[in-house]
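Topology and contacts: notes
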Amino acid sequence: MQEKKVFTYNDAGEKLVGIETLPENATGKLPTVLLVHGFGVDKHEYGLFDGLTYKLANAGFAVYRFDFSGRGESEGNYENITLTKLKLDLAKMLEYVKCQSNVDKNRIVIIAQSFGTSVVVALRPKVKAMILMVSVSNPKESMGNPMKWKTLDKKGVSTKVKETSGEVITVSSQFWSDFDNYDLLKSISKIKC
């Protein structure tokens, strides 16, 4: 396999960092997979996306995985995220992928995990196929469960502590209010792929 770091910029001018993985001795335009991670994680998705990348590349796919703004190696402050901001990040990364010379624009698949599925559905991208794993259709309700947060304040700052690493993740009130701009069940009914 061939692997290299890639990047593009979102609408806020923040660098979004990803990894391009190609099959060994890849030539021509390849079917391509873009991996979209969930809330509070990064392009590795706890190793799930790493293993998936290697299997897909060995099967002849080009694979791209990236960090949303404020996560992993990407610039930005995760506290300022909203579904809209993440949707725009994904749009920029998908635009980047479609411009690569080794990518068959007519054979792009998106695989999303958890909250990343909400981002994909909000964007409604025109791609060949989508795989939405551990889908979140109503993130305001499912993510707004007080048991999942150390401090839940939808009019202020909410704080979550990741069990695996102890990392503290905060989101502002705009994270919660932005959900009111979306009806993801209606959006998914309009996706054609």
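The preceding data block contains the structure.
What comes next concerns the included structure. (Residues numbered from 1 in each chain as written. Predicted model: local features only at pLDDT ≥ 70, side-chain atom pairs only at ≥ 80, totals over all residues. Heavy atoms only, no water.)

1. Thoughts on the pattern of salt bridges
Pairing between side chains becomes possible if they bear opposite charge and their charged atoms approach one another. Put simply, the rule reads: A pair is scored as a salt bridge if a Lys or Arg side-chain nitrogen falls within 4 Å of a carboxyl oxygen belonging to Asp or Glu. Three exposure classes are used, based on accessible area relative to the maximum for each residue type with a 1.4 Å probe and protein chains only: buried under 20%, partly exposed in between, and exposed over 50%.
Under the counting rule described, the total for this entry stands at 12 salt bridges. A salt bridge links Lys 162 to Glu 167, with the shortest nitrogen-to-oxygen separation between them at 3.5 Å. For Glu 167, a relative accessible area of 29% translates into the label partly exposed. One salt-bridge network, in which partners are shared between bridges, spans Lys 5, Lys 43, Asp 67 and Glu 73.

2. Remarks on the layout of surface pockets
The criterion, for reference: With a 1 Å grid spanning the protein atoms alone, the term cavity applies to any set of points in which a 1.4 Å probe fits but cannot get out, the term pocket to an open set with protein on both sides within 12 Å along at least five of seven lines, and the term lining residue to any residue with an atom within 4 Å of a point. Grid points are joined across faces, edges and corners, and a volume is the space filled by probe spheres set on the points. Working definition: helices are DSSP H or I runs of at least four residues, strands are E runs of at least two. Numbering for both runs from the N terminus. Polarity classes work like this: nonpolar for Ala, Val, Leu, Ile, Met, Phe, Trp, Tyr, Cys and Pro, charged for Asp, Glu, Lys and Arg, and polar for all others, with Gly in that last group.
Quantified by volume, the largest pocket comes out at close to 520 Å³. The wall of the largest pocket is formed by 22 residues, among which Phe 39, Tyr 46, Ser 114, Lys 160 and Lys 162 lie closest to the centre. Elements supplying a minimum of two residues to the lining of the largest pocket: helix H4 (139–143) and strand S7 (158–161). Its residues assigned to classes, the lining of the largest pocket comprises 10 nonpolar, six polar and six charged.

3. Brief notes about a positive patch on the surface
To be explicit about the condition: Patches here: salt-bridge-free residues with over 30% relative accessible area, like charges joined within 9 Å, nonpolar side chains (Val, Leu, Ile, Met, Phe, Trp, Tyr) joined within 5 Å. Computed with the Shrake-Rupley method and a 1.4 Å probe, the accessible areas treat only the protein chains shown as cover for residues. Counting rule applied: Lys, Arg positive; Asp, Glu negative; His and chain ends not counted. To locate a charge, take atom NZ for lysine, CZ for arginine, CG for aspartate or CD for glutamate.
Together, Arg 124, Lys 126, Lys 186 and Lys 190 make up a positively charged patch on the protein surface. Relative to the elements of secondary structure, Lys 126 occurs in the loop between helix H3 (115–123) and strand S6 (129–133). Lys 126 sits in the exposed class, given a relative accessible area of 72%.

4. Things to note about unusual backbone geometry
In the Ramachandran plot, Arg 124 falls in the positive-phi region, its phi being about 55° despite a non-glycine side chain. Examined against the element boundaries, Arg 124 turns out to sit in the loop between H3 and S6. The phi angle at Val 134 is positive, at roughly 50°, despite the residue not being glycine. Judged by its relative accessible area of 58%, Val 134 falls in the exposed class.

5. What to know about the sheet that holds S6
This is how the line gets drawn: When DSSP locates at least two bridges between a pair of strands, those strands are taken to pair. Interaxial angles span 0 to 180 degrees and are taken between N-to-C directions of axes, which are lines fitted to C-alpha atoms, for helices over the stretch in contact. Contacts between residues were defined by any pair of non-hydrogen atoms, one from each residue, lying within 4.5 Å.
In space, the six strands of this open sheet follow the order S1-S2-S4-S3-S5-S6, with mixed pairing throughout. Pairing within the sheet leaves two strands with one partner each, and these edge strands are strand S1 (2–9) and S6. Neighbouring strand axes in the sheet, compared pairwise and without regard to direction, differ in orientation by 20° on average. Here helix H1 (residues 48–58) sits on the sheet in contact with S1, strand S2 (15–22), strand S3 (30–36), strand S4 (62–66), strand S5 (103–113) and S6, set at roughly 165° to S4.

6. Focus on the environment of Ile 19
Inspection of the secondary structure puts Ile 19 in strand S2. Here Ile 19 falls in the buried class, since its relative accessible area comes to 10%. In this structure, the C-alpha to C-alpha distance between Ile 19 and Val 120, residues 101 residues apart in sequence, is 19 Å. In contact with Ile 19, other than residues within four places in its own chain, are Glu 3, Lys 4, Lys 5, Val 6, Lys 43, His 44, Val 63, Tyr 64 and Arg 65.

7. Observations concerning H3
The buried count for H3 comes to eight of nine residues, which makes it a mostly enclosed element. Every buried residue of H3 is listed here: Phe 115, Gly 116, Thr 117, Ser 118, Val 119, Val 120, Val 121 and Ala 122. One or two steps after H3, the chain reaches Arg 124, where phi turns positive at roughly 55°.

8. Some details on the packing of aromatic side chains
For the record, the criterion: Stacked, tilted and edge-to-face are the three classes assigned to paired rings of Phe, Tyr and Trp, where Trp is represented by its six-membered ring and a pair needs centres within 6.5 Å; plane angles under 30 degrees give stacked, over 60 edge-to-face, the rest tilted. Comment: the charge-over-ring label is applied if NZ (Lys) or CZ (Arg) is within 6 Å of the ring centre and within 35 degrees of the ring normal.
For the coordinates displayed, the defined rule picks out 12 aromatic pairs. Ring centres of Phe 66 and Phe 68 lie 5.0 Å apart, and the angle between their planes is 70°; on these two criteria the pair is classed as edge-to-face. Here the two residues Phe 66 and Phe 68 agree in accessibility, since each one is buried. Taken together, a centroid distance of 5.0 Å and an interplanar angle of 75° make the contact between Phe 175 and Phe 179 edge-to-face. Its relative accessible area of 0% is what places Phe 175 among the buried residues. Among the residues examined, Phe 179 registers a relative accessible area of 5% and is labelled buried. In this structure, Arg 65 is placed above the aromatic ring of Tyr 54, and the distance from its NZ or CZ to the ring centre is 5.9 Å.

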